[in-house]
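Here is how the chains run, residue by residue.
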Amino acid sequence: EEYTFNKHGKLVNTTTGQKFEKGSYDTFNRLKYETHQHITTVLTQQYQLQPFRDPTYQTSNLLDTPRTPYYVSSNLDDNSKLIILLKGAGDYTGAWSLSDTVFAGLDAGSMLPYVNFAYELGYSVVMPNANLQCYKNVERNAVYLSHVKYVWEMHVSKALNVKEIYVVAFSYGGIIVLNMIRDIGLEFMNRVKKICFIDSVHDINKHLGDDKMFEHGLEFIARVGTHFRVSNTPTGSILPYRTRDGCSSLSVLYTYDANLV
């Protein structure tokens, strides 16, 4: 059976027009691969995002798994506004969740609505690659952090025209943000104007460190951060403060809603 995305961004059977609901393990994996290929095509052709590969891992002891690239808007150096999209570890660049994209559509599981929203507001986009657990004998979490730091140093630091940086951090991406505060420090805090945590797993007491940057980091997160947490209460409702978040929290019914930004 063949499937394609319809005009509403839903994956449907090319013969029956029915959405994909269930199938064999092989069929599901094939559709995840084809979905990723579709997202990649949209990112590079429609939104003109440039693919890069992190050369610092070329000498790593790799498993036989193809590396996926990270993406940077072609106009980054000339723009004054930037959104950085940090997803949780796993899956491939361009999707918060490939499984959700297969079952519920592009709006539900891909980053495409966020990219479209950013472009409508005149922002460039930087999209690091979270799928770095394919590197053998290297702790997955450390690799993701090192990669994001590399992307920052190679692209964001050099984009001197950028005056406003917004960060969207989903799940493990929140931990990456706290590590960026700790490791990059004042450059990160001076340039980032807002952080949108989405169902993040970060804990300021565990991930922000206890060095001289800790107090600066606490003030920074409290000032620019908002944590959107999945809740049964109406979207936008104020949720009880949690010390681990370090910032105010609002409820959200739908994890990947681009309107949160």
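Before any of the text, the structure's been laid out above.
Residues numbered from 1 in each chain as written. Predicted model: local features only at pLDDT ≥ 70, side-chain atom pairs only at ≥ 80, totals over all residues. Heavy atoms only, no water.

Q: Can you explain the overall build of the protein? Please cite residues and give values.
A: Scanning the protein from terminus to terminus reveals nine helices and 11 strands. The contacts in the protein between residues at least 6 apart in sequence include a share of 69% that link residues at least 24 apart. (Helix = DSSP H or I, 4+ residues; strand = E, 2+ residues; numbered from the N terminus. Contact = heavy atoms within 4.5 Å.)

Q: Account for the pairing of strand β8 (residues 192-198), with residues named and values stated.
A: With respect to burial, β8 is a largely interior element, five of its seven residues being buried. One ladder, built from four bridges, connects β8 with strand β9 (residues 225-230); its direction is parallel. In the strand pairing of β9, Ile198 is matched with Phe228. (Buried < 20%, exposed > 50% of the residue type's maximum accessible area, 1.4 Å probe, protein only. Pairing = 2+ DSSP bridges.)

Q: Would you mind going over the packing of aromatic side chains in detail, with residue names and values included?
A: Applying the stated criterion to the full structure yields 10 aromatic pairs. Both rings, one in Trp96 and one in Tyr114, keep their centres 5.1 Å apart while their planes meet at 70°; by these two values the pair is edge-to-face. With a gap of 18 residues between them, Trp96 in the loop between β5 (81-86) and α2 (98-104) and Tyr114 in helix α4 (residues 112-120) connect regions that are remote in the sequence. Here Trp96 and Tyr114 have matching classes, each one buried. When the centroid spacing of 5.6 Å and the interplanar angle of 85° are considered together, the rings of Tyr123 and Tyr166 count as edge-to-face. (Phe/Tyr/Trp six-rings, centres within 6.5 Å; stacked < 30°, edge-to-face > 60°.)

Q: Any details on the nonpolar core? Residues and values, ideally.
A: Of all hydrophobic cores here, the largest spans 41 residues; its most connected members are Val167, Val177 and Phe188. Listed by contribution, the elements that provide at least two residues to this core are β4 (70-73), β5, α5 (140-156), β7 (164-170), α6 (173-184), α7 (186-191), β8 and α9 (213-224). In contact with Val167, not counting residues within four places along its chain, are Ile84, Leu86, Val177, Phe188, Val192, Lys194, Ile195 and Cys196. Core analysis: the next-biggest nonpolar cluster, separate from the first, contains 33 residues, Phe5, Leu106, Leu112 and Cys196 among them. (Core = buried A, V, L, I, M, F, W, Y, C linked by side-chain atoms within 4.5 Å.)

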